[in-house]
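Letter by letter, the chains look like this.
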Amino acid sequence: MLVNGPTLFADWGDFIQITVINKLRTNGTSIHWHGMQQRGTNLQDGANGVTECPIPPKGGTKVYKFRATQYGTSWYHSHFSAQYGNGVVGAIQINGPASLPYDIDLGTFPITDYYYNNNVLFNGTNVHPTTGNGKYANVTLTPGKRHRLRIINTSVENHFQLSLAGHQFTIIAADLIPVQAQTVSSLFLSVGQRLDVTIDASKTPGNYWFNATFGGSGFCGTSDNKGAAAIFHYAGAAGGLPKDPGAAPADHNCLDLTNLTPVVTRSLPVNNFIARPNNTLPVTVDVVSDAPLITWKVNGSAINVNWNKPVIDYVLTDNTSYPREENVVQISQADQWVYWLIENDPDGPFSIPHPIHLHGHDFLIVGRSPDATPLSQTRYVFDPAVDLPRLKGTNPARRDTAMLPARGWLLLAFKTDNPGAWLMHCHIAWHVSAGLSIQFLERPKDLKNSISLVDKLAFNANCLAWNLYFPALDPFPKIDSGLRLH
Ligand SMILES: [Cu+2]
């Protein structure tokens, strides 16, 4: 069942209110508004087991309310097992200023792996690779005009490399951050990331392939991308399939751009960064002989949230006895830059790149391990003598999702200006399912004080309903971290 949700439209500054009714017969759900910072509204984040109990089935309802404090392109998806990969997902478009003028907004353009049928869907459609059924996504360009395309990777597993035959892209926003316009011939888009680009329809009117390649299984490289394409059609030209296949997109080695320049600047001190156990997050993998076969750990622990007792329940009752498997990383200081060095296991047999996504904040990409080919030659240990001068503190790239290189490291920073329980996790669904996540508990006292009585009552009422349902009445046991996303 593929149930693409409606695209949500808002203007910058709008209050958004969405009623979610869970009409499933047996599963809970919760809807996460990816990239929305939820300033002062942590309980609207939709991370079940963290900021809410799942919404129970057979009519359970939650009204999400939050403000659009950012603008650009994003998406929403279920944060409950076995759902987003089957289509409980939709796009978000928030109108606001742009760093480059354009004539026509083509709107959101989600691209996703379609796991069941081993295909890639562009805006929800494609031709089946073996049967030939279905149809290509077809986007109409107006000759002579500049178009904005809002590309979203809503996959469960695959990162894409994208190109449009005969054309270039100009990147104007990454995630929800407007950037200085930068023209490129191909794009890399990890699971969870968005790129807003402009496309000038300045070529010979006709039909052009929009190509996607991917590595498969969370890896990098290029695929035999038969059928992984969409058609861009010039208005007024004859229809039909493009004749020129176009060059395959360049292989980006699973590395996203770190030279993006945000229009609204943020800078921070980096010269004094010191890697310490309390700011270093080692990612490791355990392979075991029985199911679930692979466990991903951060700080030596695979996350396993408790749907029935989210961390917010601890915050509301001043209980600090968080179980180890909640993977809570507490942050107490207010309005300070905090730095997180994520190290990717160099020895694990599955040391592969991970798209790291943070709730509640954008992060500044202060640095990452030196790019190397082959990837096995990257260096996962931060070496202050070599790496301190390589760090970028003056308006570095800023996103909500960034690639942790295979066998490498990634240094992120954010300001503790948004009290909340915020997940930071790999956005490959199988990996967060198998533990690759922590939850920052940012300023729990301020968080408790910021929760309105209305939100607290709604939280408790929903948890009461969920606890009556699960596990006693649910035919399906919990078999993963609870955050599987797919
Ligand atoms: Cu991962």
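Residues numbered from 1 in each chain as written. Predicted model: local features only at pLDDT ≥ 70, side-chain atom pairs only at ≥ 80, totals over all residues. Heavy atoms only, no water.

### With respect to the coordination of the copper ion
- Within the protein, the atoms that donate to the copper ion are H354 (ND1), C426 (SG) and H431 (ND1), at distances of 2.0 Å.
- On the basis of relative accessible area, C426 is assigned to the buried category, the value being 0%. (Donors = N, O, S within 2.8 Å, 3.2 Å for Na, K, Ca; no water. Buried < 20%, exposed > 50% of the residue type's maximum accessible area, 1.4 Å probe, protein only.)

### Quick word on empty space enclosed by the protein
- Tallied over the full model, the rule gives four cavities of 30 Å³ or more.
- Taken as a whole, the largest cavity encloses approximately 70 Å³ of empty space.
- Those elements giving two or more residues to the lining of the largest cavity turn out to be β18 (280-287) and β27 (420-426).
- Of all the elements, β27 adds the most residues to the lining of the largest cavity, at three residues.
- When grouped by side-chain class, the residues that make up the lining of the largest cavity number nine nonpolar, one polar and no charged. (1 Å grid on protein atoms, 1.4 Å probe; cavity = no way out; pocket = protein on both sides within 12 Å on 5 of 7 lines; lining within 4 Å. Points joined across faces, edges and corners; volume = space filled by probe spheres on them. Helix = DSSP H or I, 4+ residues; strand = E, 2+ residues; numbered from the N terminus. Nonpolar A, V, L, I, M, F, W, Y, C, P; charged D, E, K, R; others polar.)

### Remarks on the domain arrangement of the chain
- Segmentation of the chain into domains returns domain 1 (100-257) and domain 2 (277-451).
- Between domain 1 and domain 2, the C-alpha centre-to-centre distance is 29 Å.
- Listed per partner, the contact involves 23 residues of domain 1 and 20 residues of domain 2.
- Roughly 1,900 Å² is buried in total at the junction of domain 1 and domain 2, and carbon and sulfur atoms are behind 58% of that figure.
- A per-residue breakdown of the area domain 1 buries against domain 2 is headed by I177, L255 and D256, which together make up 28% of the total.
- On the surface where domain 1 and domain 2 come into contact, there are three salt bridges.
- Put simply, R399 and D175 hold a salt bridge, and the shortest N to O gap is 3.1 Å.
- Counting the contacts that link domain 1 with domain 2 gives 10 residue pairs in polar contact (both at pLDDT 80 or more). (Domains from an automatic or database assignment. Contact = heavy atoms within 4.5 Å. Buried area = accessible area lost by both parts, 1.4 Å probe. Salt bridge = Lys/Arg side-chain N within 4 Å of Asp/Glu carboxyl O. Polar contact = N/O pair within 3.5 Å; in protein donor to acceptor, adjacent residues only side chain to side chain.)

### Digging into the state of the cysteines
- Summed over the entire model, instances satisfying the criterion amount to one disulfide.
- A sulfur-sulfur distance of 2.0 Å marks the disulfide that ties C53 to C463. Taking the sign of the torsion about the S-S bond as the criterion, the disulfide between C53 and C463, at about 95 degrees, is right-handed. Remark: C463 occurs in helix α5 (residues 453-469) and C53 occurs in the loop between β3 (31-34) and β4 (60-67); sequence separation between them is 410 residues. (Disulfide = S-S within 2.5 Å.)

### Re the packing of aromatic side chains
- Across all of its chains, the model carries 26 aromatic pairs by this definition.
- On the numbers, 5.5 Å between centres and 45 degrees between planes, the contact of W33 with Y76 is tilted. Within this pair, whereas W33 is found in strand β3, its partner Y76 is found in strand β5 (residues 72-78), the two being separated by 43 residues in sequence.
- On the basis of relative accessible area, W33 is assigned to the buried category, the value being 1%. (Phe/Tyr/Trp six-rings, centres within 6.5 Å; stacked < 30°, edge-to-face > 60°.)

### Some remarks on the sheet that holds strand β8 (residues 119-122)
- Pairing in this open sheet of six strands is mixed, and the strands run β8-β7-β10-β15-β12-β13 from one edge to the other. The open sheet has two free edges, formed respectively by β8 and β13 (177-184), since each of these has just one partner strand. The average undirected angle you get between the axes of adjacent strands in this sheet is 25 degrees.
- Pairing of strand β12 (residues 169-174) with strand β15 (residues 194-200) involves four bridges; the strand directions are antiparallel. Within β15, the residue paired with A174 across the bridge is L195. (Pairing = 2+ DSSP bridges. Axes fitted to C-alpha atoms, helices over the stretch in contact; angles between N-to-C directions.)

### So, the pattern of salt bridges
- Overall, the coordinates contain 17 salt bridges when judged by the stated rule.
- Between K448 and D318 there is a salt bridge, with the nearest N and O atoms lying 2.8 Å from each other. Taken as a pair, K448 in helix α4 (residues 444-450) and D318 in the loop between α1 (311-316) and β20 (328-331) lie far apart in primary sequence, 130 residues in all.
- When its relative accessible area of 28% is taken as the criterion, K448 is described as partly exposed.
- Residues R443 and D335 are paired through a salt bridge, measuring 3.9 Å at the closest nitrogen-oxygen approach. In this pair, R443 is assigned in the loop between β28 (437-442) and α4 and D335 in the loop between β20 and β21 (337-344), connecting sequence segments 108 residues apart.
- Residue classification places R443 among the buried positions, given a relative accessible area of 12%.
- Within this structure, D105, R148, R150 and D196 form a network of salt bridges that share partners.

### Brief notes about the sheet that holds β21
- Pairing is mixed across the open sheet formed by six strands, whose spatial order is β19-β18-β21-β26-β23-β24. Across the chains shown, the open sheet's two edge strands, defined by having one partner strand only, are β19 (294-298) and β24 (398-399).
- In the sheet, β18 pairs with β19 via five bridges, with the strands oriented antiparallel. Looking across to β19, one finds that V287 is bridged to I294.

### Notes on the pairing of strand β7 (residues 104-114)
- As paired elements, β7 and strand β10 (residues 146-153) share six bridges and run parallel to each other. The residue bridging F109 from the neighbouring strand is I151, located in β10.
- Across four bridges, β7 lies against β8 in antiparallel orientation. Bridge pairing in β8 links T112 to L121.

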